[in-house]
Structure formats: C-alpha cells, structure tokens
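Understanding the architecture of this molecule
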Amino acid sequence: MVNLTIDDKQVTVAKDATIFDAAKAAGIRIPILCHDKKLHPFGGCRMCLVEVEQMKGRLIPACTTPVTEGMIVRTTTDEIMTARKLVLELLLLKHPLDCPVCDAAGDCDLQNLTYEYKVNANKFTDEKFRWDIDYENPLIERDQNRCIHCGKCSRICDEIVAFGAYSFVNRGIEAKISTPFDEKLDCEYCGSCISVCPVGALIAKPFKFKARWWALNKVKSVCSYCGTGCQLTLGVKDNKVLTTVYDEDQGFHNGQLCSRGRFGYQFINSDKRLTTPLIKKNGTLVPASWEEAIDLVVSRLSEAKKSDPSSVAALVTPRLTNEELYLFRKLFKDVIGTDSIDHSAGYAHKALTEGLKESFGITASPSLIEDIQKTDLLLVLKSDAYETHPVIGFEINLAVKRQGVDLRILSDKSGKLTRLPDAKKYIHKPGSEILLVNAIAKSILDQNLADPAAQSLPGFDALKSALAAVSIEQISAAAGVPVEAITRLATDYAKAGKALILLPIGLGYPGHGSELTSALANLAILTGKLNKEGCGILILGEKNNSQGAADLAIHPTAGGRDAGAILEGCTSGAVKVLYIAGENPVVSYPDKAKSVKALESGAFVVVQDLFLTETAQMADVVLPVKSFAEKCGTFTSVGRNVQQIRKAISAVGQSRSDREITAELISKLSGAACGGSSAEIFTEIAASTPGYSSLSTDSLGDNGVIYPVVITPKLVPVVGVVPETEEGKFALLIGSSLYHCGTMSRYGEGPMLVCGESYLELGRTDAGKLGVSEGDTIKLKSAAGELNLKVKVGTRMPEGVVFVPYHFETSAINSVTAGNPVTWVTLSR
Amino acid sequence: MIVPLIKGLQITFSHLFKKAVTLQYPEEKPVVAPRFRGLHTLKVSHNSAKCVACYLCPTVCPAKCITVEAGEDANHEKFAAVYEIDMLRCIFCGFCVEACPVDALGMTQEFELANYKRTDFVFSKERLLEKR
Ligand code: SF4
Ligand code: SF4
Ligand code: SF4
Ligand code: SF4
Ligand code: SF4
Ligand code: FES
C-alpha cells in the first residue's frame, strides 16, 4: 500500500494504482476523456492533468502516473484549470459541434466537459475536418469528423474483443482512426467501440435519431439471449424499448455486450408480435378472446387429465423466468400428473441434468465465470464457445492476453479462439471428442499424474479398468490428433497449478451431452482440479435460463417422455394434448419432418409464444405472451448466478406473461387459487430448490447472487465410439452463428442486418475443389433430404468439414439432420 | 359624505370626453407588439424547414405540448419527420424559441387561434411552416 495526499486528503491505495485511481478512491473526480477502467492506460488526451508537488514545473497526467509514497497531488489549481480548458479548446477547434444532430448529445464527455469548463470561445481558428462518413456497414455509423482521438475504440476492439478492426493511421493533423485500407467496417458488430466512444463518432445505426439520451427511461435487466447472463440497461421511451444503454458498472463484463445483446432488442416491439389469442377454426387461426382460448385449453387439459394424464405433454423453453418454469412444472407434474415435460430437444440440457448430476451429484457447474481469468490453463471444447457465448469469449480473450492463461482448444474447427496469441489448438475429426478426452485421461493415468486423493473416490477402479482398454494410438489415428499432442495436453493439464474446462452446450451441439461432460469431469476429478479458484468445469448453457431449467427439473424425472419421445408420442397417438411454451421444434429441433408430423398428427396443440412461429402456425390454440421486457422475474445464468429482470414496458397488445397464464390454468384445473407475485413464487422456489434456499428477491439486488453448491465427485467411465465416416462425403456440423441465439434473434433487426439468412461455410481447399466461391449457391444432400444454401468461404473449416448455423427457417438445416453430432452429406453445385 | 360622491362623479364625467379604450373587435384589430408571443412558426431556409429535430424544444417545454420525431433523409441528415404543437396546452412562454440552437422556431403576432374541434388545435409541421 502507498500513502499519498490528494487535495489535502490522505489516501492509501494499492501500489499499482494510478493517481486517477487514488483520487477516485478518495471521492475526488478528475476529468477524463481517453481513460477507461477496462483498458490499459493511454494518456492521450491530457484532460486529467494534475500537479504533483515532487514533480513541480510541469503538469502530470493522472491516468497514467503510478502513485508513489508521500506524493502530494493537487487537482484543481488555476494552472490546471487553464490547461484543461486549453485541451478542450484544441479539441473543439476541428470538432464539427453538431450537437443538435449528434446522437451522443446528453451523454457526450466532450459536451459535458465543455459545459463544465465554460469553454464558450476559442482563441484559435482552423477549418473543420472533412472526412467521409462510413454509412456502409449495417450497424455502426462512423463519423471521424467528431472523433477526438482518444483511441478507446481501437483499444477495446483489440484488448477485450480481440478483433482489431481499427487503428490510428497517418500523423499529425491527418491522423484518424481507420479500418484496414480505409474500407468499410466489417467486424463482429459487438458494439463495444460505440459504448466506449466518449463522443458521437461511433453511433448505433438502428437507434440513429430515434430519441435523445435524456428522454430515455433506463431500466436495468438481463439479456434474454444466451446463458452468459449479461446485465443490460434498456432505453425506454413511450412504452417502447428503443435501444440498449451502456453502463460501464454493470456486471462482470463491465457493460460490454455482444452483437445480439446490444443490437437484437427489436423483437420486443416488433410488428410481428402476437397481440391476441388465436384459435384454429376451419383450418385457419383466427383471433379469439382470452376467455374463449383459456376455456378451450382448460377443457382439453382436464379431459385428457381425466382419461389419462400421461397423454398430456409439454415442451417449455428455457427462455422463461424461473418463476414461470416453476409454475409450468407444477402445472404438468403436480396438477395434471404427467412427467412428460422437457425442453431443448431433450438433449441440449443433458450435460447439466445427467452429466454433471452423475459426476458431481448436482445439475450446475461447480465453477464460475470469474474462474476463467483466474486459472492457469483453460481447456475449451470447441472453438464455438466464442460464437455461443461471446461475452464469455471476451473473458477468455482477457484471460489469455492479460493474465497469460494457457489456452488449449479441442475442436473440430478453428475459430476466433484458436487465433488468440499462443493458443494451442487440437483440431480433430468431427465426433471424436469423447475418444480424445478418454485418451487424455488415460495418458494422465499412464504418466502417474493423477491426484492421489482421486484414487479413493468412487468409480476410480471402474474408470481405470475401462481406460485400460483404451489405446491412445488408435484414438490418435481415429481423431487425427498426434499422440504427442494428446500426451502433452494431458501432462500440461495435469501439471498446471489451476486448470478449468469450458463446454458450450445447445441445440446445435448434440454431441455435447452427458457422456462428454462426464468424460471431462473425469479429467478434473482425476487431477484434483476441483473446489479451488480457477479450477473445475464450467458448462455454458445455451439459453438465458438454461441453468434455471436444469435447477427446476424441467425434464422427465419419473419415467416420462423426453422431447423426442413426446413428438413420437404425438405421431403414434399416445400424446393427445401437446403444450408448447416458447419452443420452436419445427425449426430448432433436429429432424424437421418428425416435428411436423407430430404437430400434424391430430394431437391438440397449444402454443404460447411471442410470435406466430413456424410451430405456432400449426397449433390449435396460440396464446400471446409477454417478452422479458414486460415482466419481472429471475434468470439463472452460467456459473449459477441468479439475476433479476425488471419490467420496462407494459404488455404489447393483449399479451399476458407465461406466469399469469400458467397460474390461471393451475387455478382452473386444480380448483385451488394460484396466484402471487413473482417474488412470492420465488420464495416458493427458494424453499423447494436445492441451492436456492438462502435466496430471496430482495437479496438478489442489481448483481444477482451466485448460489452455493457442494459437489460429491465420482469418476464415471464413458465409452467413446469411433465416429463413422463415409468416403467421398463431407462432414456437416451444425452450430450457432455469432450473431444469433436460438430462433428468437431472427426477430431482432440487428442480428438480421448482419446475418439474415442461412449459409454453408467451408474451407478454401474444398471450395476450390467444388468450384464454388463466396455467395454461390450449393446443393447439400443427406440421407434425410436436400437443401440449397449460400456458400461462405472461410479459414475456419478443415478439409472435408462444412458448417451450417441452425437458426433459420428458410433452408432449415434440420430438414437434413437427424440429431447426430455429425451428418454426412454430399455437396454439388 | 357627499364630497367623495361628487369626486367620483367628476371622474366619471371627465371620461365622457376622453378617447374610448374599447376596441371594436373583430371589426377593429389591435396593434400587436413586435415581441408578442403568438402562434409558432417553423422558419424556412433553402426551401426546407430549418429545424434539425434536435428535441431541445420538446425537452424544455413546460407544458409538454411539442412532439418531434426525427427522420433521416436521403443524405443521412436529420430532419423533423413529425413536428406538432398542441396549442390547447401551450402556455406561450417562448422557452421553445429560446432553446432552439438553430433559430428554427419563432413566434408570430398571430393570436386568433379559436377553432371548433380539439384536433384543430394540434398544429402539424405543414401548418406551422413559415408562409412566404
Ligand atoms: S463493433 Fe466490436 S468488433 Fe466491431 S469494431 Fe467495434 S469493438 Fe470491434
Ligand atoms: S472514434 Fe470515438 S472512441 Fe474512437 S478514437 Fe474517436 S473519439 Fe475515441
Ligand atoms: S447474447 Fe449472451 S453474451 Fe450476448 S449480450 Fe446476451 S447474454 Fe451476453
Ligand atoms: S411556448 Fe412554451 S409551452 Fe408553448 S410550446 Fe413553446 S415551450 Fe411549450
Ligand atoms: S429546438 Fe429547434 S431544431 Fe430543435 S427540434 Fe425544436 S425547432 Fe427543431
Ligand atoms: S484521461 Fe488521462 S490523458 Fe486522457
């Protein structure tokens, strides 16, 4: 610790603090323009000049100067004020001063400081900048005339996003921020640069001119796309969510969001939202009243309940709040008495509900997001972790670039993560993950690197004997990863002081199920990488509340049908009433034909959704529901963080929340009143859900609470199967696009502007062989069907492997897949 | 007691011989002071409204009677796609004129704003545009 005096105040701070940090700790504000707490100090703007007694004779920038013992700092002498005013005058000299038409006005550091320092005249004169404005790219308008050269955009894009879209070019008065060769911006569109730009040089196009910053009501909530659980602030005006507002103090991610979180909010006030209940009459869905719709649903449910409760089944999306999921479980499992309730196609939650359950005795990851930056070695399964959870990707970037974490990626394709500095990639043949993880486990045992304590754990002997049959050489040949690489990875993992494993899961990753999870858990258990900071395994749930759905057991637990069996049951006639809340099996579940057949089978289908989705179009009753911005409740995100969402606008149309609808159904079916606010339901959840017992909505606050878990590790032998290959065919992998999450992001304007249709991604060599280039259409054929897709040529895919995202309904990839990790396809022009 | 009464009558009679104050409105029109704050006008320059839709006037308006909605024109410039003032709520304080950073708004001497329907008091951009 270092002691110093700032404006006659005694301050004690850590020795790596700067004068700015010390002043902040003491509650003294020093104006800044180019400094940002998330970024390395830059010292470019000189707005933060202060005077230091020991360095008299010149003014010192507070943001880059480390504190020293006994320093005496002054922050507001006349000389300092004059200097800061001069800084502002120089910045304003070439600045267009077009505040009336600039979206940053009101939230502009330059405007605020100009006002504060009363800069109302300029002693210099010069021409204004005349740079061309970039209107070309879909989401970010770049007006370099307003730029004050703080460098924050290029620094954040490099340091945190690790994309590197911008840098300064030219010198002196010609200097500006530019993209490579001054072309139009073509990047990840995470919007981080917009959020940190202190002026209006970078603005969000979807929000351009929509409203003034000061007119927005700012409501704190949680992103409703992926499981990362980023906190966000909704900008609301006239009962409409107009934008997301950056708040650098929100969440572990300091307000940083990904493309869909920042630009994908338009689904909330989309014209396509359902506004009234619909009932199918004579084959077409027609508007109906709530009473009529609810009565119909109640009569069908009670009929089925009376004759055979197991003929009722439900598919419930993990996008709902915990409170809603809890009520759904109550409605189906307790009130109606059917165990056939499931979500995420029945497989996308198994890593949590079966894998972790078996290996650790709990359904949640033992590790936390903060472990990513605290570990020594990070083993990521699939480079897709970046696409599925981009803001966790930022944490990985920071871990590698700032903390020197040793990143290892075991993946069937390259990607953003494999390009990080010193990242080691192990590109294997599709579908051989379990084999490889078993080989690593085997190598750990062979090298005697297992933790002695692990030998007394249950399952050790079983694992040892199971692995005895495993041959690293054979696996190496089958997976296409050299033996040395496997053993080296095993050694490094086992010998690392701390090691963490990341596994993304989701509808696009059927291979990431319970077996792979247990195989990975074996590594952590064998080497004792558990129960310690920076150690363990972190499963990245796909949707905003995937973790909550696992915690609340929204899956069969007593022999009921799982999602696949529910659909089959509809077709066979065993399921008479199918209740679908928010799921869209027609597009997102594998084997489109199977879902369509089930929905056409004659079962009575109720769909509760925001939109008339492909699934809803086939329903008998459609109920319009509220989006996350219209209700309160809680989501549980990756790393067990239970966070609150807040109501930002009133209901769109006549929509009701899933909670209100379910509560009404429960009351009507059971005869006992069911109601209560979400806070009251949360109390019930806390009382009945393991881990949640210490929580209440009051204790959640703004940052949420991470609920505690206790694990009982067990080694579970799993058998890896050598994936089948088909000569002359391509291995088709499905997965998530960086700009989408599930099928909901298709209703967001931002994601669709960047990636509006499906595509097939393949490597250059394959493209050359097939004679196709970017933008061409290619025909893809599998045993199940065929499709035409746009070609995207990239560097990610190894030879013989192609990738298609699963989110889209036109050229829906689920019409050629059947739920296997790899599908063998032929491609032709 | 009689004296004050006589004094009063004196004043009354003296007025019989002075110029009348009453104005025969509407036959006669009053002379309106140049800085009178009447109906608003949106000033025009180069054939289009000067207003750049900065939203400062709706922000400052104490009666919250101005509605502005910005639009983007073909040159990516900002303009007021909607500009409305609800004269029934306006208190003619003139703050909006004072707030305008581009001198796009003025107030005229026009004060005859009576009308039949409430909706007629909502002045759209077309009605407010300066007549030349
Ligand atoms: S949007 Fe994100 S990736 Fe694109 S330039 Fe800005 S910070 Fe970089
Ligand atoms: S564009 Fe914005 S963030 Fe980037 S250097 Fe200019 S002012 Fe700073
Ligand atoms: S989609 Fe996921 S990573 Fe992106 S902002 Fe939302 S929660 Fe964060
Ligand atoms: S004159 Fe006053 S009340 Fe009327 S529109 Fe202007 S600011 Fe509002
Ligand atoms: S203050 Fe002036 S420029 Fe701004 S919206 Fe009002 S009239 Fe238009
Ligand atoms: S904030 Fe310190 S130099 Fe810019």
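The text that follows walks through the structure, step by step, so that each part is easy to find.

Rules used in this analysis
Residues numbered from 1 in each chain as written. Chains lettered and ligands numbered in written order. Predicted model: local features only at pLDDT ≥ 70, side-chain atom pairs only at ≥ 80, totals over all residues. Heavy atoms only, no water. Helix = DSSP H or I, 4+ residues; strand = E, 2+ residues; numbered from the N terminus. Rg over C-alpha atoms; globule rule 2.2 N^0.38 Å. Buried < 20%, exposed > 50% of the residue type's maximum accessible area, 1.4 Å probe, protein only. Contact = heavy atoms within 4.5 Å. Areas by Shrake-Rupley, 256 points an atom, 1.4 Å probe, with all protein chains shown as cover. Axes fitted to C-alpha atoms, helices over the stretch in contact; angles between N-to-C directions. Parallel < 35°, antiparallel > 145°, perpendicular 65-115°, else oblique. Left-handed = near helix turned anticlockwise from the far one by under 90°. Nonpolar A, V, L, I, M, F, W, Y, C, P; charged D, E, K, R; others polar. Pairing = 2+ DSSP bridges. Near = heavy atom within 4 Å. Buried area = accessible area lost by both parts, 1.4 Å probe. Salt bridge = Lys/Arg side-chain N within 4 Å of Asp/Glu carboxyl O. Polar contact = N/O pair within 3.5 Å; in protein donor to acceptor, adjacent residues only side chain to side chain. Core = buried A, V, L, I, M, F, W, Y, C linked by side-chain atoms within 4.5 Å. 1 Å grid on protein atoms, 1.4 Å probe; cavity = no way out; pocket = protein on both sides within 12 Å on 5 of 7 lines; lining within 4 Å. Points joined across faces, edges and corners; volume = space filled by probe spheres on them.

1. What about the overall build of chain A?
When its secondary structure is counted, chain A shows 26 helices and 33 strands. The C-alpha radius of gyration computed for chain A amounts to 28 Å, which stays within 12% of the reference 28 Å derived for 829 residues, consistent with globular compactness. Along the first, second and third principal axes, the C-alpha atoms of chain A reach 90 × 70 × 60 Å. Of all 829 residues assigned to chain A, the portion counted as buried reaches 63%. The contacts of chain A with a sequence gap of at least 6 include a subset with a gap of at least 24, amounting to 74%. When the accessible surface of chain A is split by element, carbon and sulfur atoms take 50% of a total near 30500 Å².

2. Examining the overall build of chain B
Per the secondary structure count, chain B includes four helices and seven strands. Counting from the amino terminus, chain B carries its helices and strands in the arrangement α-β-β-β-α-β-β-α-β-β-α. Expected size for 132 residues packed as a compact globule is a radius of gyration near 14 Å; at 22 Å, chain B overshoots this value by more than 25%. For the C-alpha atoms alone, the extent of chain B along its principal axes is close to 80 × 30 × 30 Å. Summarising the internal contacts of chain B: among those between residues at least 6 apart in sequence, 68% fall at separations of at least 24. Just so you have it, chain B exposes about 9400 Å², and 59% of that area is on carbon and sulfur atoms.

3. Quick look at the packing of helix H8 (residues 322–336) of chain A against helix H23 (residues 678–688) of chain A
All names here are of chain A. The contact between H8 and H23 brings their axes to 9 Å, and the two run at 65°. Accordingly, the angle class assigned to the pair H8 and H23 is roughly perpendicular. For the pair H8 and H23, the sense of crossing is left-handed. In contact with Asn322, Glu323, Tyr326, Leu327, Arg329 and Lys330 of H8, H23 contributes Ser678, Ile681, Phe682, Glu684, Ile685 and Ser688. When grouped by side-chain class, the residues that make up the contact of H8 with H23 number five nonpolar, three polar and four charged.

4. A short note on the sheet that holds strand E11 (residues 231–237) of chain A
All names here are of chain A. An order of E10-E11-E12 is seen for the three strands of this open sheet, with the pairing classed as antiparallel. With one partner strand each, in any of the chains shown, strand E10 (217–222) and strand E12 (240–245) form the two edges of the open sheet. Taking the axes of each pair of neighbouring strands and ignoring which way they run, one obtains an average angle of 35° across the sheet. As paired elements, E11 and E12 share five bridges and run antiparallel to each other. In the strand pairing of E12, Val236 is matched with Val241.

5. Observations regarding the environment of Ile372(A)
Residue and element names in this part refer to chain A. The topology assignment puts Ile372 in helix H10 (residues 371–374). Residues Ile372 and Ile160, spaced 212 residues apart in sequence, show a C-alpha to C-alpha distance of 14 Å. In contact with Ile372, not counting residues within four places along its chain, are Leu378, Ile392, Glu395, Ile396, Ala399, Val405, Leu500, Leu502 and Leu538.

6. Side note on the site of ligand 5
Surveying the vicinity of ligand 5 reveals the residues Cys51(B), Val52(B), Ala53(B), Cys54(B), Tyr55(B), Cys57(B), Tyr83(B), Cys100(B), Pro101(B) and Val102(B). In terms of residue class, the shell around ligand 5 is built from 10 nonpolar, no polar and no charged.

7. Topic: the interface of chain B and chain A
On the chain A side, the residues contacting the 14 residues of chain B number 10 residues. Between chain B and chain A the total buried area reaches about 950 Å² when both faces are included, carbon and sulfur atoms providing 65% of it. On the chain B side of the contact with chain A, Tyr55(B), His76(B) and Lys78(B) bury the most area, a combined 52% of that side's loss. Along the contact surface separating chain B from chain A lie one salt bridge. Linking chain B with chain A are four residue pairs in polar contact (both at pLDDT 80 or more). Counting only elements with at least two residues in the side of chain B that touches chain A, the list comes to helix H2 (56–60) and strand E4 (66–72) of chain B.

8. A look at the pairing of E4(B)
All names here are of chain B. Relative to strand E5 (residues 78–86), E4 runs antiparallel, the two being bridged by seven bridges. Residue pairing for E5: Glu69 is matched across the bridge by Val82. In this structure, the hairpin formed by E4 and E5 is closed by a connection of five residues, where His76 is found at a positive phi of approximately 65°.

9. Describing the sheet that holds strand E27 (residues 705–706) of chain A
Residue and element names in this part refer to chain A. Ordered in space as E25-E26-E27, the three strands form an open sheet in which the pairing is antiparallel. Of all strands in the sheet, those bounded by a partner on one side alone are strand E25 (633–637) and E27. Here strand E26 (residues 641–645) runs beside E27; their pairing, made up of two bridges, is antiparallel. In the sheet register, Asn641 faces E27, and the bridge partner there is Ile706. Strand contacts of H8: E25 and E26, with the helix running at about 95° to E25, the strand carrying the most contacts.

10. Looking at the nonpolar core
All names here are of chain A. Formed by 158 residues in total, the largest nonpolar core has its most connected members in Ile372, Ile396 and Tyr579. In terms of residue count, H8 provides more of this core than any other element does, eight residues in total. With residues near it in sequence (within four places) discarded, Ile396 still touches Ile372, Leu378, Val380, Leu407, Leu417, Leu420 and Leu502. Counting residues in hydrophobic clusters, the runner-up holds 56 residues, among them Leu436, Leu449, Leu516 and Ile525.

11. Section: the layout of surface pockets
Residues and elements named next belong to chain A. Here the largest pocket is characterised by a volume of approximately 1200 Å³. Lining the largest pocket are 43 residues, and of these Asp107, Asp109, Ser195, Cys197 and Tyr246 lie nearest its centre. The greatest single-element share of the lining of the largest pocket, amounting to four residues, is contributed by helix H3 (residues 109–116). Residues belonging to the lining of the largest pocket are distributed by class as follows: 23 nonpolar, seven polar and 13 charged.

12. So, unusual backbone geometry
A cis amide bond, omega 5°, links Tyr25(B) with the succeeding residue Pro26(B). Here the phi dihedral of Lys382(A) falls at roughly 75°; this positive angle occurs in a residue that is not glycine. Here Lys382(A) shows up in the loop between strand E17 (377–381) and helix H11 (385–388). Among the residues examined, Lys382(A) registers a relative accessible area of 6% and is labelled buried.

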